[in-house]
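Single-letter residue listing:
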Amino acid sequence: MITAGIDMGSRTVKVVLIDTEASGAPSVKKTHLIFPGDLDGDAAAEKAYDEALSAVGLKRDDVSSVYATGAGRVMVNFAKEKVTEMSAGAKGVSYFYPNARTIVDVGAEEGRGIKTDGTGKAVDFAGNEKCAAGAGSFAEAMSRALQLTLKEFGEASLRSDKTIPMNAQCTVFAESEVVSLIHSSTPKEDIAKAVLDAVASRVCAMVRRVGIDKDVVLIGGMVHNPGFVSSLKTAMDIDEVKLPDIPEFVAALGCAMLAAEAKH
Amino acid sequence: MIANYGYKDGSGEYYISIDTDKCIDCPVGRACLTGCPKGMFETMTDDYDDEVVQIKQSFRRNLAYDCADCKPSSNRPPLPCVVACTPAAIKHSW
């Protein structure tokens, strides 16, 4: 049985198709990501979904059920159900790490901490509804200010062992702090580390609301930033953060798994 | 599930926590909906098909200001939402 999960994030649309056997064990058949650009939300979802299907030679009729999640999930008109990012993330993580208890989800516009019960069900969550300073777009804006690519930005921070506190809570004000650091000839790697430490600190404050229990799993696009992973481990005072192979697709995967469970 | 709605900013941490497990079979008929003078609570069906209460989206970024009327700096009375919720599902972080 094929089911699909669509994660309508604020920057990208992610689609995961899974094939679930009669025993209930799912396997990932296809992952697909698009940047919507100028497309409307519903058009972007349609485009991403159709591209994912055609890549593996499937038609819409071949898919038993579609679930959607993410900030723009209400725009996925063809989804049978819409579920929260918390439920989708918790379910998706259970595919990779059944022993996970704390999930840190850092996407483009929002970060959140999720506590799970070990069966893929979310039991506690906290997010930051107000500000992007604890999310990927903040790091992206700061990397632009430093004229580095995101990859260079993450790698640069790993070369620094300095701790420079950033006091601004707002992305706009933080950027002025970065500009001040640039003017004072602070090395780029030290600034990069300061920015990622600040993001990690804000994310960590949220996660502490739900409590930090092992295993801790980080999902979302920020997994691709090794500097952030390092800063997060330091902020949370833990030795290991589990990183799934397809971190940005975990919520979409969870959606597809929930769709399959509902069909069984 | 304990759902924390709110945010942290330079002035502090502002979260309202709702223990939805206590919320499902509300013995007081969702008294929080009318107990909050600003009408910040609403019912929703969660991902597990249970009817629970949440904070309306439009209030989640302004809790420090929207709750301020119920939180005078001195002689603070009990919070009406907390008083209305006899199962003690609602907590404020500040």
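Quick caveat: nothing in here was measured; it's all calculated off a predicted structure. (Residues numbered from 1 in each chain as written. Chains lettered and ligands numbered in written order. Predicted model: local features only at pLDDT ≥ 70, side-chain atom pairs only at ≥ 80, totals over all residues.)

**Student:** Provide a residue-level description of the overall build of chain A, including the pertinent values.
**Tutor:** Across its full length, chain A holds eight helices and nine strands. By the compact-globule yardstick of 18 Å for 264 residues, chain A fits well, its C-alpha radius of gyration being 19 Å. Reported as C-alpha extents along the three principal axes, the dimensions of chain A are approximately 60 × 40 × 30 Å. Counting across all 264 residues of chain A, residues that qualify as buried make up 52%. Expressed as a percentage of contacts within chain A between residues at least 6 apart in sequence, the contacts between residues at least 24 apart total 70%. (Helix = DSSP H or I, 4+ residues; strand = E, 2+ residues; numbered from the N terminus. Rg over C-alpha atoms; globule rule 2.2 N^0.38 Å. Buried ≥ 20, exposed ≤ 12 C-beta atoms within 10 Å, placed from the backbone. Contact = placed C-beta atoms within 7 Å.)

**Student:** Explain the overall build of chain B to me, and be specific about the residues and the numbers.
**Tutor:** Along chain B, the regular secondary structure elements total four helices and five strands. Element order for chain B, N to C, with α for helix and β for strand: β-β-α-α-β-β-α-α-β. Projected onto its principal axes, the C-alpha positions of chain B cover 40 × 25 × 20 Å. In chain B, which comprises 94 residues, the proportion classed as buried is 32%. Long-range pairs, those at least 24 residues apart, make up 59% of the contacts in chain B with a sequence separation of at least 6.

**Student:** Describe the sheet that holds strand 9 (residues 216–219) of chain A, with residues and values.
**Tutor:** Judged by pairing direction, the sheet is mixed, and its seven strands sit side by side in the order 9(A)-6(A)-7(A)-8(A)-1(B)-2(B)-5(B) without closing on themselves. The strands lining the two open edges of the sheet, one partner per strand, are strand 9 of chain A together with strand 5 (90–92) of chain B. Between one strand axis and the next, the sheet turns by 15 degrees as a mean value, whatever way the strands run. By the bridge criterion, four bridges tie strand 6 (residues 102–106) of chain A to strand 9 of chain A in an arrangement that is parallel. Bridge assignment links D105 of chain A to a residue of strand 9 of chain A, and that residue is I219 of chain A. (Pairing = 2+ DSSP bridges. Axes fitted to C-alpha atoms, helices over the stretch in contact; angles between N-to-C directions.)

**Student:** Mind laying out the packing of helix 2 (residues 85–96) of chain A against helix 8 (residues 250–263) of chain A, listing which residues take part and the relevant values?
**Tutor:** Residues and elements named next belong to chain A. As a packed pair, helix 2 and helix 8 sit with axes 7 Å apart at the nearest point and diverge in direction by 90 degrees. In terms of orientation, helix 2 lies roughly perpendicular with respect to helix 8. Each of E85, S87, A88, G89, A90, K91, G92, V93 and Y95 in helix 2 lies in contact with helix 8, whose residues at this interface are V250, A251, L253, G254, C255, M257 and L258. Partitioned by chemical class, the residues of the contact of helix 2 with helix 8 number 10 nonpolar, four polar and two charged. (Parallel < 35°, antiparallel > 145°, perpendicular 65-115°, else oblique. Nonpolar A, V, L, I, M, F, W, Y, C, P; charged D, E, K, R; others polar.)

**Student:** Talk me through the sheet that holds strand 2 (residues 13–20) of chain A; I want residue IDs and the actual numbers.
**Tutor:** All names here are of chain A. In space, the five strands of this open sheet follow the order 3-2-1-4-5, with mixed pairing throughout. This sheet does not close on itself; its edge strands, each paired only once, are strand 3 (26–34) and strand 5 (81–82). The pairing of strand 2 with strand 3 spans eight bridges and is classified as antiparallel. Paired with V13 across the strands is I34, a residue of strand 3.

**Student:** Break down the domain arrangement of chain A for me, with residues and values.
**Tutor:** Accessible area lost upon the coming together of the parts is a frequently used measure of interface size. You can read the domains of chain A as domain 1 (2–97 + 247–263) and domain 2 (126–236). Spacing between the C-alpha centres of domain 1 of chain A and domain 2 of chain A amounts to 29 Å. (Domains from an automatic or database assignment.)

**Student:** Quick rundown of the interface of chain A and chain B? Include the residues and the values.
**Tutor:** Counting residues at the interface gives 15 residues for chain A, matched by 14 residues for chain B. Residue assignment for the side of chain A that touches chain B shows that the elements contributing at least two residues are strand 8 (122–127) and helix 6 (188–210) of chain A. Bridge count for strand 8 of chain A against strand 1 (residues 2–9) of chain B is three bridges, and the pairing is parallel. Bridging from a neighbouring strand, F125 of chain A pairs with A3 of chain B of strand 1 of chain B.

**Student:** Residues and numbers for the confidence of the model for chain B, please.
**Tutor:** Per-residue pLDDT for chain B averages 92, and the proportion of residues at 70 or more is 100%. The complex prediction reports pTM at 0.86, with the ipTM value standing at 0.70. (pLDDT = per-residue confidence, 0-100.)

**Student:** Describe in detail the packing of helix 4 (residues 150–158) of chain A against helix 7 (residues 226–236) of chain A, supporting the description with residues and values.
**Tutor:** Residue and element names in this part refer to chain A. The contact between helix 4 and helix 7 brings their axes to 7 Å, and the two run at 45 degrees. The orientation of helix 4 with respect to helix 7, classified from their angle, is oblique. Taking contact as the criterion, the partners of G154, E155, S157 and L158 in helix 4 are, on helix 7, P226, G227, F228 and S230. Of the residues assigned to the contact of helix 4 with helix 7, the class counts are three nonpolar, four polar and one charged.

**Student:** Explain the nonpolar core residue by residue, including any values.
**Tutor:** Residue and element names in this part refer to chain A. If you look at the biggest cluster of nonpolar residues, it comprises 101 residues, and the most contacted ones within it are I6, V15, V195, C255 and A256. Broken down by element, the residue count for this core peaks at 13 residues, all from helix 6. Counting only domains with at least three residues in this core, you end up with domain 1 (2–97 + 247–263) and domain 2 (126–236). In contact with C255, other than residues within four places in its own chain, are G5, I6, D7, Y67, A68, T69, V83 and A88. (Core = buried A, V, L, I, M, F, W, Y, C linked by C-beta atoms within 7 Å.)

**Student:** Quick rundown of helix 1 (residues 41–55) of chain A? Include the residues and the values.
**Tutor:** Residue and element names in this part refer to chain A. When the terminal C-alpha atoms of helix 1 are compared, their 21 Å separation across 15 residues agrees well with the 21 Å that a helix rising 1.5 Å per residue should span. Those residues of helix 1 that sit buried are A44, A45, A48, Y49, A52 and L53. Each buried residue of helix 1 lies within a common arc of 160 degrees when the element is viewed along its axis, so the set occupies one face. In helix 1, the exposed residues that point more than 90 degrees away from the buried face are A43 and S54. Along its buried surface, helix 1 packs onto strand 1 (2–8), strand 2 and strand 3. (Expected span 1.5 Å × (residues − 1). Arc of directions from axis to C-beta.)

**Student:** Account for helix 6 of chain A, naming residues and giving values.
**Tutor:** Relative to the 33 Å expected for 23 residues at 1.5 Å per residue, helix 6 of chain A spans 34 Å between its end C-alpha atoms, a close match to the ideal helical length. Most of helix 6 of chain A is tucked away, with 18 of its 23 residues classed as buried.

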